[in-house]
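Observations on chain architecture
Each chain, written out:
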Amino acid sequence: MRHGGVFAALLLILACVGTSSVCIGESSIDCGTVLAIIRNAVLGGEPFWSPAEETIVLLIRVPRVLLAGLVGAGLAASGAALQSLFRNPMADPFILGISNGSALGAAAVLLSGVSFGLGLFDLPLAAFVCGTLTVLLVYELARVGSRVSTHTLLLSGIAVSAFMSACTSFLLFTSSEDLHQVIFWMMGGLAGRTWAHVYMVLPFISAGVFIFVAFARPLNALMFGEESAHYLGVQADQLKKVLLVVSSVVTGAAVAVSGIIGFVGLIIPHIARLLVGPDHRVLLPLSVCAGAIFLIAADTVARTVIAPAELPIGVITALCGAPFFIYLLRWRGSEA
Amino acid sequence: MRSLLITGTLLVMISAAGCIQAGESSLKTSTMTDDTGAVVEVPVKVERIVSLAPSETEVVCVLGQGDRLVGRTDYCNFPAEVRDIPSVGGPKTLSIEAIVGLRPDLVLATTITDTTIVEGLRAVGVPVLVFRLESLDDVYANIACVGDILGCSDTAELVVSGMRLREESVRANTCHASPVRVMYVLWDDPLIVAGNNTLQNDLITAAGGINIAADAEGYVIISDETVVSGQPDVIIVSETHAAGTVPIKERLLEKPTLSDIPAVKTGRIYTIDGDLANRPGPRMIETLEMFASCMHA
Amino acid sequence: MSVLSVDGVTFRYGSTAVLSDVTFDVRAGELVGILGPNGCGKTTLMRVMAGYLRPEAGVVSYDGRAVNALRPRDLARLRAVVEQRLTSPFEFSVYDYVLMGRTPYLGRFQAETLEDHRIAEEALELARAVHLHDRSIGELSGGELQRVMIARALAQEPEFLLLDEPTAHLDIKHQLEIMHLLKNLSRDICVVTVIHDVNHAISFCDRTVLLRDGTVAGCGDPTSVLSTPAIREVFGVDSYRLQHPHLPQAQLAFSIPLPRHRERKSRILVIGGGGCAQAVLFALVHAGYIVRAGVLHEGDRDLDVARALGCDTLTAPPFSRIGSADAERLQEWCRQSDAIAVAAMPVGEGNLANLEVACSMIGDRPIVLFSRQSDFRELDHTGGRAEQLFAALEERSSVAATVDELLRRLVDLIGSGSAQR
């Protein structure tokens, strides 16, 4: 397989970043102990550490690293798929208004005090449902007969997004309640995420990524337009629907547990494309790896740089992502 | 001829305006510098006050000058009689027009108040005093200052010395106890707690405790890891009647990551009304006593 | 036998009918060109044929199987389409792009086999694009891109290849290369191409379908479908058939028809030859005169032009001497005319009679001599006789050096001659 080297390198980096992220944290627990705790959890053994250390590693850091990886992978894969679907390099997972839709859902639930009786999971559920409903609305608005033009889809996405965002602002503005949760949620972050969140998004994101990869070849064909894809025997309409549904679900799941984390879905696919070219059979798995690496690293920085306080992760993703992206662009540019 | 008429009219209008200004500025003022460093001309005789913070409303009332209050915010709910005073909006919906319409001699605000409102009021000539309230001493100074302005410094002194007495008694009762590790929680998801340079940090310290989030500045989001490694013995939660369907305390108890910390294991999670605990007014001292009783129960 | 048949196809965008009742078929081993003016529905027809657009009525079928009944994958193994343009926001390598042609043969998680690679390489070779193998799509020139697109289509191993204006935006050499390529391909598979260049259609296509406002205006052998009247009707231009010994087929040259200002009833007889009267004939016909020409030898350019313009002509066999009978007919025609226009032409023994007749009309009919020069010696191949006759004409009739001047002289001599209606 071509690009096998890049793949191996990225997997290695992913392993390293993941491991070191578990070892790094506010409370200093040395790497050996951390690894022993993890080994112990799997294989059993005699603990020589405090219960607090075990809690920190097993219940706080490990799920958080896994969740960062999942969210990063999901957002990057969705971004890659949507950029090709819309044949627009500026597309990202939030292009169809899923972020503003879920933000409205989150704000509405918080401000109205409605409960689904799920405690911690009321908000993720509301965000997920509203986000996917928004995409559905955008799709219905753009649909003429059985066909949906990507241009109309983009435009109706922008319009609905703006509308949702206005609704959220209105709610936030007129409400007399405490809003830090909504605001934090809109900035995105993984603070306080637990195993329950991991279990919650794992099926959605892993199934979604699997489906993306399964549709890699048709996606390649779609990059030259729906007509061109049709001539290669790809049913563009059907493919579009599948991709929209899958990317909405994946993004919705990611947003539900982490809020709106920008930049990952936009630049990771570009970086991956610069590394291995636009073939989705390589690009998608690579984006998944790179997205996971990037978000794990960003989250590690977010929780350690001004510890014990947490930085919003979106700040890190933009601060690190943008210059790196520009560097890659220029590096590639000078090579050509 | 016509232009002459217009010029004449304008002249009359300008001189009239000048007269009004001259009339106002003839009122005596004294120059003060507020906690943000702004220089404010405060009238010597203040009859109409608008308060833009619940704590300031309480301060004015505790000095017995509640009848001079002509405006308050939606959040000013104590003492009960202030509810009859017209409100000028919530924290994000304050209306400069409504405030100016009340013709205040002085507007009282805190650093929490939207600065655009403060600047807007100053731009139209309304004096605004902004107080920074991050410790008990700040609160005492605030009461004394307002007392000076309202010409009731004696009452203010009385109030402050009463408060100091209660503070001393709390300190005296708790200084010999072993230090208690405390976390003050405003919200659970994300976990927002009081760090250094907050009123609650000051209260925790005064009541003989150690704030586990004292390394962070202000009100901050911290990770569960900080909590676990901080091992708080006591968690104090401020509950506003606001959002959320399940009380914050319940949700904290649900968190698997926190199940091993002393406060959770011993069930020492206490809930205090947010209106009391987060309001740097005269009732702060009651909060301090509550903190002390929670921490040394 | 592979047959693509288009049967009664009607298609509309919204309420605008784009194609109505289009019927024709294409057989294996044929290169078929679809021609027509802009907006006549060529590209739409191509899309309907390819199964991308669904016709409102009618059926497109491949080997008797209706296109809508075929699964997209099966259809993509049967026919390939080369679109007009290729756009992608992201850069693919040429080989990867061509390999994409194997999409209809591969399963979801199936990697390309050696066979697929062999077919892609072969397609590149067939399209003469092997040297582009590792280049990036975005950096190709128009001609290279076209070859690569054709290569991808060939990688689909189609029995039918549909192309939409494959020569658009290409320079002449690349146009011809692409047309040769299509011609070669058409030996094995059906090739249908939308084409703008009428001469390419004549030179390369076995059959052409001429579209006009979404209907078939002609279908069959290119030379007969693309007749002067048909081109005039469909494209609204005049066409002139030109033959060059190097080319197997006559080529067409075109001109926008000059507006006929008004009909005149004046009759003008034009005497010329050797191609010298072409401009005069054009000008007079387009000025609305009733024009006759004589005596012209077969094979003379002037005769071709006169015929193409629909003038009555007197003719003589090639290189023959104009006999007295023809001279008399000419004289008769001269008398029936309101004026005579003589285009100064080379004169030899064969056509001296023309000049003699013209001179005999001096004083009888108004004569205008059209000549760009005043020295007639060069035109004289009769040992001085023609020169004398030209001199007489120059002296005793009007002389015009340009076509405009000729038209003015005629108006001076016989009036504007507008038709009375």
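Residues numbered from 1 in each chain as written. Chains lettered and ligands numbered in written order. Predicted model: local features only at pLDDT ≥ 70, side-chain atom pairs only at ≥ 80, totals over all residues. Heavy atoms only, no water.

Counting residues at the interface gives 35 residues for chain A and 31 residues for chain B. Of the charged contacts in the structure, one is a salt bridge between R61 of chain A and E225 of chain B, with a shortest N-O distance of 2.4 Å. Linking chain A to chain B there are 7 residue pairs in polar contact (both at pLDDT 80 or more). For the side of chain A that touches chain B, the elements supplying multiple residues, two or more each, are α3 (51-85), α6 (150-174) and α7 (180-187) of chain A. Looking at the side of chain A that touches chain B element by element, the count peaks at 8 residues for α3 of chain A. Considering only residue class, the side of chain A that touches chain B consists of 15 nonpolar, 11 polar and 9 charged. (Contact = heavy atoms within 4.5 Å. Salt bridge = Lys/Arg side-chain N within 4 Å of Asp/Glu carboxyl O. Polar contact = N/O pair within 3.5 Å; in protein donor to acceptor, adjacent residues only side chain to side chain. Helix = DSSP H or I, 4+ residues; strand = E, 2+ residues; numbered from the N terminus. Nonpolar A, V, L, I, M, F, W, Y, C, P; charged D, E, K, R; others polar.)

Take the sheet that holds strand β5 (residues 106-110) of chain B next. Residue and element names in this part refer to chain B. In spatial order, the strands read β4-β3-β5-β6; together these 4 strands make up an open sheet with parallel pairing. Both outer strands of the open sheet, β4 (69-71) and β6 (128-131), are each paired with one neighbouring strand and no more. Going across the sheet, the axis of each strand differs from the next one's by a mean of 30°, ignoring polarity. Pairing of strand β3 (residues 49-51) with β4 involves 2 bridges; the strand directions are parallel. Looking across to β4, one finds that I49 is bridged to L69. (Pairing = 2+ DSSP bridges. Axes fitted to C-alpha atoms, helices over the stretch in contact; angles between N-to-C directions.)

What follows deals with the confidence of the model for chain B. Low-pLDDT stretches of the model should not have their predicted coordinates read in fine detail. Per-chain confidence: chain B averages 86 in pLDDT, with 89% of residues scoring 70 or above. Low pLDDT (under 50) marks residues 12-26 of chain B, which in the prediction has 0 contacts with non-local residues, meaning those over four places away or in another chain. (pLDDT = per-residue confidence, 0-100.)

Two faces make up the sheet, and in a regular strand the side chains alternate between them. Residue and element names in this part refer to chain C. As defined by bridge partners, strand β1 (residues 3-13) adjoins strand β4 (residues 57-62) across 5 bridges and the pair is classed as antiparallel. Its bridge partner being in β4, T10 is matched across the sheet by A57. As paired strands, β4 and strand β5 (residues 65-66) are joined by 2 bridges and run antiparallel to one another. Across the sheet, residue Y62 finds its bridge partner in β5, namely R65. Turn length for the β4-β5 hairpin, with the two strands adjacent in sequence and antiparallel, is 2 residues, and the turn residue D63 shows positive phi of about 50°.

Below, the discussion takes up the packing of aromatic side chains. Inspection of every chain in the model, using the stated rule, returns 12 aromatic pairs over all chains. Both rings, one in Y231 of chain A and one in Y52 of chain C, keep their centres 6.0 Å apart while their planes meet at 65°; by these two values the pair is edge-to-face. Of this pair, Y231 of chain A sits in helix α10 (residues 226-231) while Y52 of chain C sits in the loop between α1 (42-49) and β4, on two different chains. Judged on exposure class, the residue Y231 of chain A and its partner Y52 of chain C are both buried. (Phe/Tyr/Trp six-rings, centres within 6.5 Å; stacked < 30°, edge-to-face > 60°. Buried < 20%, exposed > 50% of the residue type's maximum accessible area, 1.4 Å probe, protein only.)

Here we come to the domain arrangement of chain B. Residues and elements named next belong to chain B. Along its sequence, chain B is carved into domain 1 (28-132) and domain 2 (178-295). Its C-alpha centre places domain 1 at a distance of 30 Å from the equivalent point of domain 2. At the interface, 8 residues of domain 1 touch 6 residues of domain 2. Carbon and sulfur atoms make up 57% of the area that domain 1 and domain 2 hide from each other, which totals about 600 Å². The interface formed by domain 1 and domain 2 includes 2 salt bridges. Residue R279 is joined to E58 by a salt bridge in which the shortest nitrogen-to-oxygen separation is 2.8 Å. Counting across the interface, domain 1 meets domain 2 through 5 residue pairs in polar contact (both at pLDDT 80 or more). Within the side of domain 1 that touches domain 2, the residues separate by chemical class into 5 nonpolar, 2 polar and 1 charged. (Domains from an automatic or database assignment. Buried area = accessible area lost by both parts, 1.4 Å probe.)

By a frequent convention, interface size equals the accessible area lost on bringing the separate parts together. Contacts between the two partners involve 33 residues from chain C and, on the opposite side, 31 residues from chain A. Interface of chain C and chain A: buried area, both sides summed, is about 2,800 Å²; carbon and sulfur atoms make up 60% of it. If you sort the residues of chain C by the area they bury against chain A, Y52, F90 and R108 of chain C come out on top, with a joint share of 26%. Across the contact surface, chain C and chain A share 3 salt bridges. Residues E227 of chain A and R47 of chain C are paired through a salt bridge, measuring 2.8 Å at the closest nitrogen-oxygen approach. Mapped by element, the contributors of at least two residues to the side of chain C that touches chain A are α2 (72-78), β6 (79-82) and α3 (94-99) of chain C. Per element, the largest residue contribution to the side of chain C that touches chain A is 3 residues, and it comes from α2 of chain C.

Let's shift gears to the environment of S156 of chain A. Residues and elements named next belong to chain A. Relative to the helices and strands, S156 is located in helix α6. Its relative accessible area of 10% is what places S156 among the buried residues. Each C-alpha atom of the pair S156 and G101 lies 13 Å from the other, and the pair is 55 residues apart in sequence. Discounting residues that sit within four places of it in the chain, S156 has contacts with V138, L141 and A142.

This next bit is on the side chain of R303 of chain A. Along the chain, R303 of chain A falls in helix α13 (residues 280-304). With relative accessibility at 6%, the residue R303 of chain A sits in the buried group. A polar contact of 2.7 Å, which involves the side chain of R303 of chain A, links it to the backbone oxygen of S21 of chain A. Other than its neighbours up to four places away in sequence, R303 of chain A contacts S21, I24, G25, R61, R64, V65, A309 and E310 of chain A together with E225 of chain B.

On to the sheet that holds strand β17 (residues 367-370) of chain C. Residues and elements named next belong to chain C. Strand order in the open sheet formed by 6 strands is β15-β14-β13-β16-β17-β18, and the pairing between neighbours is parallel. In the strand order of this sheet, the two ends are held by β15 (312-316) and β18 (398-400), each with one partner. For this sheet the average axis-to-axis angle between neighbouring strands, irrespective of direction, equals 20°. Two strands pair when backbone bridges link them, and strand β13 (residues 267-271) and strand β16 (residues 339-343) are joined in this way by 4 bridges, in the parallel orientation. Within β16, the position partnered with L269 by the bridge is I340.

The next point concerns a nonpolar patch on the surface. Together, V114, F116, L125, V129, L133 and L136 of chain A make up an exposed nonpolar region whose accessible area comes to about 510 Å². Its place among the elements puts F116 of chain A in the loop between α4 (98-112) and α5 (122-142). (Patch = residues over 30% accessible without salt bridge, like charges linked within 9 Å, V, L, I, M, F, W, Y side chains within 5 Å. Areas by Shrake-Rupley, 256 points an atom, 1.4 Å probe, with all protein chains shown as cover.)

Below, the discussion takes up the pattern of salt bridges. Under the definition given, this model contains 48 salt bridges over all chains. The salt bridge involving R212 of chain C is made with E233 of chain C; its shortest N-O contact spans 2.9 Å. With R212 of chain C in strand β9 (residues 207-212) and E233 of chain C in helix α9 (residues 228-235), this residue pair connects regions lying 21 residues apart in the sequence. Here the salt bridges share partners, and the residues they tie into one network are R61, R64, D299, R303 and E310 of chain A together with E225 of chain B.

A separate point is the environment of E157 of chain B. Considering the arrangement of structural elements, one finds E157 of chain B in helix α6 (residues 153-174). Each C-alpha atom, one on E157 of chain B and one on G147 of chain B, is 8.1 Å from the other, the two residues being 10 residues apart in sequence.

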